[in-house]
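Structural description and commentary
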Amino acid sequence: GRDVLYKVSTALKGSSGGVDPELEQLLMATHYTNLFNKCQAEGGRDMAELATKISITLLRYNTVIPSDKVFYQAGMICKEQNQTNLAFVLLNRYVDLTEAIEEGDASMIDNADFSAATNVPFTDVLPKGQYLPEESEREGVRDWVLSVCMDASVDAALPPEGQAQGTIYAGLYASDLATCIVTGFPVAKRDEMQVNNSVANKRDWNLLVSKTKACPWTGKAESPAW
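None of the values given here were measured: they were computed from a predicted structure.

1. A few points about the packing of helix α3 (residues 45-57) against helix α4 (residues 67-80)
Contact geometry of α3 with α4 gives a least axis separation of 9 Å together with a crossing angle of 145°. As α3 runs across α4, the sense of the crossing is left-handed. Contacts from Ala48, Ala51, Thr52, Ser55 and Ile56 of α3 reach α4 at Ala74, Ile77 and Cys78. For the contact of α3 with α4, the residue count by class is six nonpolar, two polar and no charged.

2. Quick notes on the side chain of Asn206
If you trace the backbone, Asn206 turns up in helix α8 (residues 202-212). We classify Asn206 as buried; its relative accessible area is 0%. A polar contact of 2.6 Å, which involves the side chain of Asn206, links it to the backbone nitrogen of Ala225. Discounting residues that sit within four places of it in the chain, Asn206 has contacts with Pro224, Ala225 and Trp226.

3. Details of the packing of aromatic side chains
Applying the stated criterion to the full structure yields four aromatic pairs. Where Phe71 meets Phe114, the ring centres are 5.4 Å apart and the plane angle is 75°; that geometry is what we call edge-to-face. Of this pair, Phe71 sits in helix α4 while Phe114 is found in the loop between α5 (84-103) and α6 (135-149), placing the two residues 43 residues apart along the sequence. Using a relative accessible area of 1% as the deciding quantity, one classes Phe71 as buried. You can call Phe114 buried: its relative accessible area is 1%. Here Tyr72 and Tyr131 contribute two aromatic rings whose centre-to-centre distance is 5.8 Å and whose plane-to-plane angle is 55°, an arrangement assigned as tilted. Separated by 59 residues along the polypeptide, Tyr72 in helix α4 and Tyr131 in the loop between α5 and α6 bring together distant segments of the chain. Among the residues examined, Tyr131 registers a relative accessible area of 35% and is labelled partly exposed. Members of the aromatic cluster, joined through ring pairs, are Tyr72, Tyr94 and Tyr131. Across from the ring centre of Phe185, 5.7 Å away, lies the NZ or CZ of Lys53, which sits over that ring.

4. Quick notes on the pairing of strand β4 (residues 198-201)
Burial along β4 is two-sided: Ser198 and Ala200 and Val199 and Asn201, pointing in opposite directions, are all buried. Linkage of strand β3 (residues 192-195) to β4, two consecutive antiparallel strands, is achieved through a turn of two residues, within which Asn196 is found at a positive phi near 50°.

5. Re the layout of surface pockets
Of the pockets and cavities examined, the largest pocket occupies roughly 270 Å³. In terms of lining residues, the largest pocket is bounded by 15 residues, among which Gly166, Thr167, Pro186, Asp191 and Asn201 are the most central. Taken together, the residues of the lining of the largest pocket break down into seven nonpolar, four polar and four charged.

6. What about the packing of α3 against α8?
Contact pair α3 / α8: the axes reach a minimum separation of 10 Å and the direction vectors enclose 125°. Classified by the angle their axes make, α3 and α8 are oblique. Relative to α8, α3 is oriented so that their crossing is left-handed. Of α8, the residues touching α3 (which contributes Asp46, Met47, Glu49, Leu50 and Lys53) are Arg203, Asp204, Leu207, Leu208 and Lys211. For the contact of α3 with α8, the residue count by class is four nonpolar, no polar and six charged.

7. Things to note about the pattern of salt bridges
For the coordinates displayed, the defined rule picks out nine salt bridges. The salt bridge partner of Asp204 is Lys53, with a shortest N-O separation of 2.8 Å. Placement of Asp204 in helix α8 and of Lys53 in helix α3 is noted, with a sequence separation of 151 residues between them. Judged by its relative accessible area of 16%, Lys53 falls in the buried class. When the shortest N-O distance is used, the salt bridge between Glu192 and Lys189 registers 3.8 Å. Given the relative accessible area of 62%, Lys189 is considered exposed. Within this structure, Glu99, Glu102, Glu135, Arg138, Glu139 and Arg142 form a network of salt bridges that share partners.

Here is what the cut-offs are and how they apply
Residues numbered from 1 in each chain as written. Predicted model: local features only at pLDDT ≥ 70, side-chain atom pairs only at ≥ 80, totals over all residues. Heavy atoms only, no water. Axes fitted to C-alpha atoms, helices over the stretch in contact; angles between N-to-C directions. Helix = DSSP H or I, 4+ residues; strand = E, 2+ residues; numbered from the N terminus. Left-handed = near helix turned anticlockwise from the far one by under 90°. Contact = heavy atoms within 4.5 Å. Nonpolar A, V, L, I, M, F, W, Y, C, P; charged D, E, K, R; others polar. Buried < 20%, exposed > 50% of the residue type's maximum accessible area, 1.4 Å probe, protein only. Polar contact = N/O pair within 3.5 Å; in protein donor to acceptor, adjacent residues only side chain to side chain. Phe/Tyr/Trp six-rings, centres within 6.5 Å; stacked < 30°, edge-to-face > 60°. Lys NZ or Arg CZ within 6 Å of the ring centre and 35° of its normal. Pairing = 2+ DSSP bridges. 1 Å grid on protein atoms, 1.4 Å probe; cavity = no way out; pocket = protein on both sides within 12 Å on 5 of 7 lines; lining within 4 Å. Points joined across faces, edges and corners; volume = space filled by probe spheres on them. Parallel < 35°, antiparallel > 145°, perpendicular 65-115°, else oblique. Salt bridge = Lys/Arg side-chain N within 4 Å of Asp/Glu carboxyl O.

In short, geometric facts, not functional conclusions.
Written as structure tokens, this is what we have:
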């Protein structure tokens, strides 16, 4: 699916009309999902680090990918990576979403925790069904969220935008910096590389390409450029 969308949008970019924003959004959601799955399949610490960043970028597409799925995925991978504070914020929202889906009422969701995250749009469109169909699995997530609530060492809020740059939180905030084609995170000028009509964080691009041997954007054979 990703390759079809890529070809269509590339053809449209070459025409005078340009790419429809909805098509572009669908392409990028599919692109990052594809890379997330690749990183998960590759395994290893470096790929887990990339997968964590990509999972946070996918929150941006919660209007085209089921919102409970993206928050669950990102929350669980942050939990595995010992990013407990962010895992709590994400899974707390996942629990709110599951309850709203059960009731069929999006107005139940408290947006206060996430209002600072300028890169994550709010959507009133709830998924038709639960991403985790088993009540017991959803209960497990709810229990973990409640246990963290009781832990005074966990800060249950997002950091201010100014403190997010260069951290795992950076993907939650809108930025004037270029967007990395590998992770979707903002790229600081000193880390930027231009490659195959795309911009990437040099380290992240090299980490991925050293494993996949292919450009994440064009799919053509590539070697790392250290």
